[in-house]
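Coordinates in review
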Amino acid sequence: MRQRAAVHLPIIVATVSLLCMFSSTKLGSEEGPETSEIPSHQPKLYSVFPLACQPGGRVLLEVRGEFLDGVSKVLFETQDISGNIHSSSFTTARIEVSVSPIADPGLRRFRLVSRRGASNLVLFWVSRWPTVSEVEPNDELDSPTIVGTPVLISGRLLPMDDVDLYRFHASRGMRLQFNVLGMRSGAHADVSLAILHLDGREISHDEGRFIWDPYLEQSFDKEGDYLAAITLTRMPAGGQTRTDVNYQLAIGQSPMLWSLFPMGAARGSSTELLLRADFIQPLTLLGGGKGYEKSGRTDSLDPYVEKIQDVSFTLRDPSSEGFLKFVATILAEAIPGVRNFKTKDDSGIEVPLQFVIGNLPEISELEPNDGPSKAASISLPVTINGRIERDGDEDWYRFSVENRQSLTFMIDAEKYGSVFDSYLTLLDMRGKILASSDDAKWLGRPLNRDSEIEYTFEETGDYLIKVGNLYRRGGPDHIYRLTVRRPEPDFRLSLNNDHWTVMRGGKGKIGVGLQRQGGFAGDVSIQISGLDQGMKAKRLVFSADQETGELELEANSEASLTLSEIEVFGVGKVDGKEVRRRAILLSGKEQGSGPGFSDPEPIHAFLAVVAPPLFALESAASTVYLVRGGVAEFGVKVTRRQDFSAPISLTLENLPEG
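About the criteria used
- Residues numbered from 1 in each chain as written.
- Predicted model: local features only at pLDDT ≥ 70, side-chain atom pairs only at ≥ 80, totals over all residues.
- Heavy atoms only, no water.
- Helix = DSSP H or I, 4+ residues; strand = E, 2+ residues; numbered from the N terminus.
- Buried < 20%, exposed > 50% of the residue type's maximum accessible area, 1.4 Å probe, protein only.
- Contact = heavy atoms within 4.5 Å.
- Areas by Shrake-Rupley, 256 points an atom, 1.4 Å probe, with all protein chains shown as cover.
- Core = buried A, V, L, I, M, F, W, Y, C linked by side-chain atoms within 4.5 Å.
- Salt bridge = Lys/Arg side-chain N within 4 Å of Asp/Glu carboxyl O.
- Pairing = 2+ DSSP bridges.
- Axes fitted to C-alpha atoms, helices over the stretch in contact; angles between N-to-C directions.
- Phe/Tyr/Trp six-rings, centres within 6.5 Å; stacked < 30°, edge-to-face > 60°.
- Lys NZ or Arg CZ within 6 Å of the ring centre and 35° of its normal.
- Polar contact = N/O pair within 3.5 Å; in protein donor to acceptor, adjacent residues only side chain to side chain.

**Remarks on the overall build of the chain**
The number of helices and strands found in the chain is three helices and 54 strands. Each of the 658 residues in the chain was classed as buried or not, and the buried ones make up 50%. Taking the contacts inside the chain whose residues are at least 6 apart along the sequence as the reference set, 70% of them involve residues at least 24 apart. Roughly 30900 Å² of accessible area belongs to the chain as shown, and the carbon and sulfur atoms make up 48% of that amount.

Structure follows, in structure tokens:
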């Protein structure tokens, strides 16, 4: 941080943490009563720096958050990366991360564990590109951080008016990608990116191709050195609550996958697919060249595309820059569900597209079908792969039903990575609207933008279903899957978190959500596995009118102070057959979806039994304003356990310099 930045501030704004020391008893002691009304706080992680490492490398990370005292373990979700604790305080932990030499590039997540329990997950990236960190001071034109390309840079804006400048070299005609991962790396701020000449003249800029995160593709007419500049655009909603904003800047040529059409196919079928992406060069990568198209030969995509167990890909005639045409062949025995489609990318920041394997007959829409008179006739059940190709486009389909027949109309788009924001309308042949849907409820996705209608028809005859964009937008990436079928009774479960605590001798709760599908109205029994001895769960049953509930847990006075991996599932009868459904875990809090966003469900859920706290502190102020040379006071409330009377001394952590 440049010292000159601090001298212009007449007021020091401090967000500090209270540290507590007492003489005769340790925090978390196992002595005394085993129950307490004093709340227990889990470790909470806010930021990680730096954010990436190469395979075979080691890096010392600074992790910031709250209640990080006594952190003892690092838990990564995969086995190809590990970490050891170097030190920890109430607000900062330093961990050394080691990456296996054979680790594949891509996103990783980890959490920290202490006697307080397990923390939330934070992000980390493995990349074969050089991974560097910014070097301060780099906020003046004559003192940028010098980097090569390709490169994955970890940076931080500190303080809020900081500017980070990076100097790089580009040859004449070179096309480079500048991809900023701020919110997508877990930082909660809105940043801007600008490409500059060395004298500061702007070439291009972006404030949020991915809502908050900028993205630019730039071609350079002249060989020479240039600058990339990162600044804070604005404070996030609710204000900036921390003193640092971490981000990554990737400069290079990494495939950016925008859409895959169609985004799915039936098992046992072969389907021609069109991939729209930037920085893909299939001819070079597959050994093709001039005359390739005339030869008519086809090639496996194995050297270029990550292998999917039950799908094979074959290249068709090469397309123009930005597009790749190939055929996907799905095995007949493939299990229906979602697969990740991605290229073999060294940067590690590529976000895969999702490809759906279905078990119904599938068709692709045929234009023109943009009005009632041009509606395409469909036979049921069916999955239709469609695309809203231009602004104002609509896709209409005509079908026949019997009296009292029930049907479900479901759009799959945004939940599987499409930019399409659907609006679904059901009409009779006279044009009367029978039902419509914008955003249907979907457990695990609070901001689900896909539509769904379930409807029982009163009369035999023909009807229309219309697919449109809520804002009448369209384009090559506005793709969808519309499934029309009879309702299938079933249920889904979700949990309100992926880590919980129960105090020894006390009780705790896990929030559970239930979504009923296809008219399912039966009871669902909620069960849990993985509890340690000394733990028990109270029986929870969802009756027909329930959608939410709490699974109550209790730890007896002899329960071990341990962390356990648990699984929650529901058992119910569907069509007379007992079925078991695992409860899904809520994905990360990234507020964004579609191409470029990765928001996978956590792999593990943890429950910790913790010792009752001896005391708790509550500050009367969340922010302290201190005039230079002056004094500031604020109150602190202390709540003690009844049997705890030892002296407590207070100090502060993270005070500004001086």
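**With respect to the nonpolar core**
Core analysis: the largest hydrophobic core is formed by 29 residues, its most contacted members being Leu-61, Val-63, Ile-95, Val-97, Phe-110, Leu-112 and Phe-124. If you list the elements that add at least two residues to this core, you get strand S3 (44-49), strand S4 (52-53), strand S5 (58-66), strand S6 (73-76), strand S8 (92-99), strand S9 (106-114) and strand S11 (122-126). Within the second largest apolar cluster, 28 residues are counted, among which are Trp-500, Ile-528, Ala-555 and Leu-585.

**Quick word on the pattern of salt bridges**
By the definition in use, this model includes 38 salt bridges. For Asp-370, the salt bridge goes to Lys-374, with nearest N and O atoms at 3.9 Å. Residue classification places Lys-374 among the partly exposed residues on the basis of a relative accessible area of 44%. Taken together, the shared-partner salt bridges connect Glu-62, Arg-64, Arg-94 and Arg-156 into one network.

**Digging into unusual backbone geometry**
At the junction of Glu-136 and Pro-137, the peptide bond is cis and its omega measures out at -5 degrees in the coordinates. Relative to the helices and strands, Pro-137 is located in the loop between strand S12 (131-133) and strand S13 (145-146). Even without glycine at this site, Ile-211 takes up a positive phi of about 65 degrees. Following the sequence through the fold, Ile-211 ends up in the loop between strand S18 (202-206) and strand S19 (215-219). For Phe-279, which is not glycine, the phi torsion reads 60 degrees and is therefore positive. The residue Phe-279 is located in the loop between strand S24 (270-278) and helix H2 (282-285) in this model.

**As for the environment of Asp-643**
Position of Asp-643 among the secondary structure elements: in the loop between strand S53 (636-640) and strand S54 (648-653). Relative accessible area serves as the criterion here: at 41%, Asp-643 is assigned to the partly exposed category. As a C-alpha pair, Asp-643 and Leu-614 span 29 residues in sequence and 8.5 Å in three-dimensional space.

**As for the pairing of strand S42 (residues 507-517)**
Direction of pairing for strand S40 (residues 490-495) relative to S42: antiparallel, over a ladder of six bridges. Bridging across to S42, Arg-492 finds its partner in Gln-515. Across seven bridges, S42 lies against strand S46 (residues 548-555) in antiparallel orientation. Paired with Lys-509 across the bridge in S46 is Glu-552.

**Re the sheet that holds strand S29 (residues 353-358)**
In space, the three strands of this open sheet follow the order S23-S29-S28, with mixed pairing throughout. Each end of this open sheet is capped by a strand with a single partner; those strands are strand S23 (264-266) and strand S28 (337-341). The mean angle between the axes of side-by-side strands here comes to 25 degrees, regardless of whether they run parallel or antiparallel. Summarising the sheet, S28 and S29 pair through five bridges and their orientation is antiparallel.

**What about the packing of aromatic side chains?**
Given two aromatic rings, one states the distance between the centres and the angle between the planes to describe the pair. Applying the stated criterion across every chain yields a total of 22 aromatic pairs. One aromatic cluster is present, built from ring pairs that chain together Phe-399, Phe-409, Tyr-455, Phe-457 and Tyr-463. Taking NZ or CZ as reference, Arg-387 lies 4.1 Å from the ring centre of Phe-261, over its face. The cationic tip of Arg-492 hangs over the ring face of Trp-442; the distance from NZ or CZ to the ring centre is 4.2 Å.

**Focus on the side chain of Thr-343**
When you line up the elements, Thr-343 lands in the loop between S28 and S29. Using a relative accessible area of 1% as the deciding quantity, one classes Thr-343 as buried. Here Glu-350 takes part through its side chain, which lies 2.4 Å from a polar atom of the side chain of Thr-343. Non-local contacts of Thr-343, meaning those with residues more than four positions away in its chain, are made with Pro-255, Leu-257, Tyr-304, Val-305, Glu-306 and Glu-350.

**Re the side chain of His-478**
Following the sequence through the fold, His-478 ends up in the loop between strand S38 (461-469) and strand S39 (479-485). On the accessibility criterion, His-478 (12% relative accessible area) is buried.

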